[in-house]
Amino acid sequence: MPELPEVETFKRYLDKTSLKQVIKKITIIDDRVLKVEVPDLKKAVKGKQFESSIRHGKYLLVYLNPGYLVLHFGMTGDLEYYSKKDEAPAFSKVIFHFDNDFNLAYISRRMFGKLYVAESVEEFVEMKKLGPDAYKMSLEEFRGALKRRTGIIKNVLLNQSFVAGIGNIYSDEILFKTKLHPKMKMDALSEAQIDYMFQNIKSILKIGIEKKGLLSTYPDSFLIPHRKKEEHCPRCGNEIRRLEIAGRHGFFCPTCQKDLN
Ligand SMILES: [Zn+2]
């Protein structure tokens, strides 16, 4: 499932290919991906340009002047900018036709991706009850978000209203680097552990963005290449364990990440 680094990669792709071109037409192939009425979507984008974009958590908000088109990529979402001479990519759900020889396809293999229209970034963030963006937040914002949270640390990290952008894979990586057991209670963390976790969120997401979220390219020192049964911890050599929390399969090292509850 696309997490923050993948959505940042989509943002950079859209910025590189699709800004400042008049949208002549929009084709809706499957309206089940829409969280907006078709006439409202058409009215919002037709004759407009994608002026700029902002990512917040796993959402990409594209400024239309006025208003925003908001893209969520669900489990299998993607974007493709392609020549009008070529066929639309497989699983295209919505196509934006520009005033040149190119189109932008919003692709989703399944139906989990979603398109919205919003008046402003603030309105959308409020409506979705999103916390601060995990990559852009300050230490003060992170500490503020923590004050309102109790419960199991892995669940708190996954909660988009705590901080936005972290999913199953990156939450495991952050806990591995910070040496915290996934089931530890959030309010049991020391100030030093909180500061260290904050630094690790930033550094892990930064590497994720540099790697464009391609999981096969992460360094061996990360947990990511070892998310399998019978793999060994790159730090201590002991066996990696799988753990189910709230229906999700996480991985951790029971030696490096002791349960201190
Ligand atoms: Zn270990």
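Residues numbered from 1 in each chain as written. Predicted model: local features only at pLDDT ≥ 70, side-chain atom pairs only at ≥ 80, totals over all residues. Heavy atoms only, no water.

Observations concerning the sheet that holds strand β4 (residues 68–72)
1) Next: Ordered by their spatial adjacency, four strands build an open sheet running β2-β3-β4-β8, and the pairing between neighbours is antiparallel. Only two strands of the sheet have a single neighbouring strand rather than two, namely β2 (52–56) and β8 (114–118). Between one strand axis and the next, the sheet turns by 25° as a mean value, whatever way the strands run.
2) Next: Pairing analysis gives five bridges linking β4 to β8, with the strands arranged antiparallel. Paired with H72 across the bridge in β8 is K114. (Pairing = 2+ DSSP bridges. Helix = DSSP H or I, 4+ residues; strand = E, 2+ residues; numbered from the N terminus. Axes fitted to C-alpha atoms, helices over the stretch in contact; angles between N-to-C directions.)

Focus on helix α2 (residues 38–45)
Given 3.6 residues to a turn, an α-helix orients residues that are three or four positions apart in the same direction.
1) Next: All of the buried residues along α2 are L41, A44 and V45. The arc enclosing the buried residues of α2, seen along the axis, measures out at 80°, which places them on a common side. What points out from α2, more than 90 degrees from its buried face, is the exposed set P39 and K43.
2) Next: Those residues of α2 that are buried lie in contact with β1 (23–28), β4, β6 (92–98) and β8. (Buried < 20%, exposed > 50% of the residue type's maximum accessible area, 1.4 Å probe, protein only. Arc of directions from axis to C-beta. Contact = heavy atoms within 4.5 Å.)

Description of the environment of V22
1) Next: Relative to the helices and strands, V22 resides in the loop between α1 (4–17) and β1.
2) Next: You can call V22 partly exposed: its relative accessible area is 30%.
3) Next: The sequence separation of V22 and V45 amounts to 23 residues, and the corresponding C-alpha distance is 9.2 Å.
4) Next: The contacts of V22, once residues within four sequence positions are left out, are G47, K48, Q49, H97, F98 and D99.

Re the nonpolar core
1) Next: If you look at the biggest cluster of nonpolar residues, it comprises 30 residues, and the most contacted ones within it are F142, F162, M197 and I201.
2) Next: Contributing elements (two or more residues each) for this core: α4 (139–147), α5 (153–158), α6 (168–178) and α7 (191–210).
3) Next: The dominant element in this core, judged by the number of residues it contributes, is α7, at seven residues.
4) Next: Apart from residues lying up to four places away in sequence, F162 is in contact with G131, P132, F142, A145, L146, R149, V156, L157 and M186.
5) Next: Of all hydrophobic cores here, the second largest spans 26 residues; its members include F10, V45, F50 and Y106. (Core = buried A, V, L, I, M, F, W, Y, C linked by side-chain atoms within 4.5 Å.)

Concerning the coordination of the zinc ion
Six octahedral donors around a metal ideally subtend angles of 90 or 180 degrees, whereas four tetrahedral donors ideally subtend 109.5 degrees.
1) Next: Around the zinc ion, the protein contributes the donor atoms C233 (SG), C236 (SG), C253 (SG) and C256 (SG), at 2.2 to 2.4 Å from the metal centre.
2) Next: Going along the chain, you hit the donors of the zinc ion in the pattern C-x2-C-x16-C-x2-C. Placement of C233 in the loop between α7 and β9 (241–245) and of C256 in the segment after β10 (248–252) is noted, with a sequence separation of 23 residues between them. Summarising the burial analysis for this pair, C233 and C256 share the class buried. (Donors = N, O, S within 2.8 Å, 3.2 Å for Na, K, Ca; no water.)

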